[in-house]
Amino acid sequence: MGTVYLTGAGPGDIELLTLKAHRVITQADCIIYDRLAKKEILDMAKDGCEFIYVGKEDNKHTLPQEQINQVLYEQSKKHNIVVRLKGGDPFVFGRGGEEAIFLKEKGVKYEVIPGVTSAISVPAYAGIPVTHRGVSVSFRVVTGHEAKKEKSQINWESFKSDETIVFLMGYHRLESISKKLIEIGKAPNTPVAVISNGTRDNQKVVTATLEDIYQKSKGLPTPVMIVVGEVVKLREQISWFQ
């Protein structure tokens, strides 16, 4: 039985791929990848490498997670090196933890290769530091797409502080997120940035406030990230990419 590498591909710019990720990708016998894995990264694979696409979009899953787990297991019995390639970091809303637990239960050897998470790198490419002395001393990363929609696990009342909030996978819920933050006490003029295709050549950034960001950022292509907080104002001074 081979080894499965739960590998982070980074946020999009292929030069942010780690050296270890590059090594296992070039050695892989099979790469099981999601929709955020760039073609340039897949092209690094050796001749004869098998590719299996298991990408997910909002309400559009190629395979449910349980079947993806099974694919990892079956491929580990066929190949020496199996790379499970995920955008960003495999343990930041990438279900890497679920896959690791499943592989452990099946007795499959695996390693985790962290990736540069989009939660920090995408705002950085937009000229937005998630923390800044005198502005924000902490930040939190929140999923905008919860698995258990019937009962939110998000403690919205705890969002009243001045810390930076980064929402991943929340673009299709931007209107409700904005309304909820205002409802719990955030000022309607709180700065917000919506970043599309972060770190990539076609990156686009829209800045506004909680009360008008939904209208001003309509129609952006995914993947999209939402950054809420006073640090968004620093983009005017720091902006360096696109």
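Structure's up top.
Here's a quick rundown of the structure. (Residues numbered from 1 in each chain as written. Predicted model: local features only at pLDDT ≥ 70, side-chain atom pairs only at ≥ 80, totals over all residues. Heavy atoms only, no water.)

## Considering the sheet that holds strand β1 (residues 3-8)
In space, the five strands of this open sheet follow the order β3-β2-β6-β1-β7, with parallel pairing throughout. In the strand order of this sheet, the two ends are held by β3 (50-53) and β7 (109-113), each with one partner. For this sheet the average axis-to-axis angle between neighbouring strands, irrespective of direction, equals 20 degrees. Inspection of the sheet shows strand β2 (residues 30-33) paired to β3 by four bridges, in the parallel sense. Along β3, the bridge assignment pairs C30 with E50. Sitting on the sheet, helix α1 (residues 19-27) touches β1, β2, β6 (81-86) and β7, and the angle it makes with β6 is about 130 degrees. (Pairing = 2+ DSSP bridges. Helix = DSSP H or I, 4+ residues; strand = E, 2+ residues; numbered from the N terminus. Axes fitted to C-alpha atoms, helices over the stretch in contact; angles between N-to-C directions. Contact = heavy atoms within 4.5 Å.)

## A word on a nonpolar patch on the surface
Together, V92, F93 and M169 make up a nonpolar patch on the protein surface, roughly 240 Å² of accessible area in all. Relative to the helices and strands, V92 is located in the loop between β6 and α4 (96-106). Residue V92 is classed as partly exposed on the basis of its relative accessible area, which comes to 30%. (Patch = residues over 30% accessible without salt bridge, like charges linked within 9 Å, V, L, I, M, F, W, Y side chains within 5 Å. Areas by Shrake-Rupley, 256 points an atom, 1.4 Å probe, with all protein chains shown as cover. Salt bridge = Lys/Arg side-chain N within 4 Å of Asp/Glu carboxyl O. Buried < 20%, exposed > 50% of the residue type's maximum accessible area, 1.4 Å probe, protein only.)

## Examining the layout of surface pockets
The calculated volume of the second largest pocket comes to roughly 210 Å³. Along the walls of the second largest pocket sit 12 residues, with G144, E146, I154, W156 and R173 positioned nearest its centre. Residues that form the lining of the second largest pocket fall into these classes: four nonpolar, five polar and three charged. (1 Å grid on protein atoms, 1.4 Å probe; cavity = no way out; pocket = protein on both sides within 12 Å on 5 of 7 lines; lining within 4 Å. Points joined across faces, edges and corners; volume = space filled by probe spheres on them. Nonpolar A, V, L, I, M, F, W, Y, C, P; charged D, E, K, R; others polar.)

## Things to note about the packing of aromatic side chains
For the structure shown, the criterion picks out eight aromatic pairs. Aromatic pair F159 and F167: ring centres 6.3 Å apart, planes at 35 degrees, arrangement tilted. Ring centres of W240 and F241 lie 5.5 Å apart, and the angle between their planes is 55 degrees; this geometry places the pair in the tilted category. Following the ring pairs from residue to residue traces out a cluster consisting of Y33, F51 and Y53. Residue placement shows K106 over the ring face of Y73; its charged tip is 4.9 Å from the ring centre. Cation over ring: R140 sits above F159, and NZ or CZ is 4.4 Å from the ring centre. (Phe/Tyr/Trp six-rings, centres within 6.5 Å; stacked < 30°, edge-to-face > 60°. Lys NZ or Arg CZ within 6 Å of the ring centre and 35° of its normal.)

## Things to note about the pattern of salt bridges
Per the counting criterion, the structure on display carries 12 salt bridges. As a salt-bridge pair, K20 and E111 come within 3.5 Å of each other at their nearest N and O atoms. With a gap of 91 residues between them, K20 in helix α1 and E111 in strand β7 connect regions that are remote in the sequence. Overall, the relative accessible area of 38% leaves K20 in the partly exposed class. Residue E111 is classed as partly exposed on the basis of its relative accessible area, which comes to 27%.

## Observations concerning the nonpolar core
Core analysis: the biggest nonpolar cluster contains 21 residues, and W156, F159, F167, L181, V194, I226 and V228 have the highest contact counts within it. In this structure, V194 is in contact with Y171, L174, K204, V205, V206, I213, S217, L220, V224, M225 and I226, ignoring residues within four places of it in sequence. (Core = buried A, V, L, I, M, F, W, Y, C linked by side-chain atoms within 4.5 Å.)

## Considerations on the side chain of H79
Tracing the backbone shows H79 in the loop between α3 (65-78) and β6. Residue class for H79 comes out buried when judged on its relative accessible area of 17%. There is a polar contact of 3.0 Å between the side chain of H79 and the side chain of E50. (Polar contact = N/O pair within 3.5 Å; in protein donor to acceptor, adjacent residues only side chain to side chain.)

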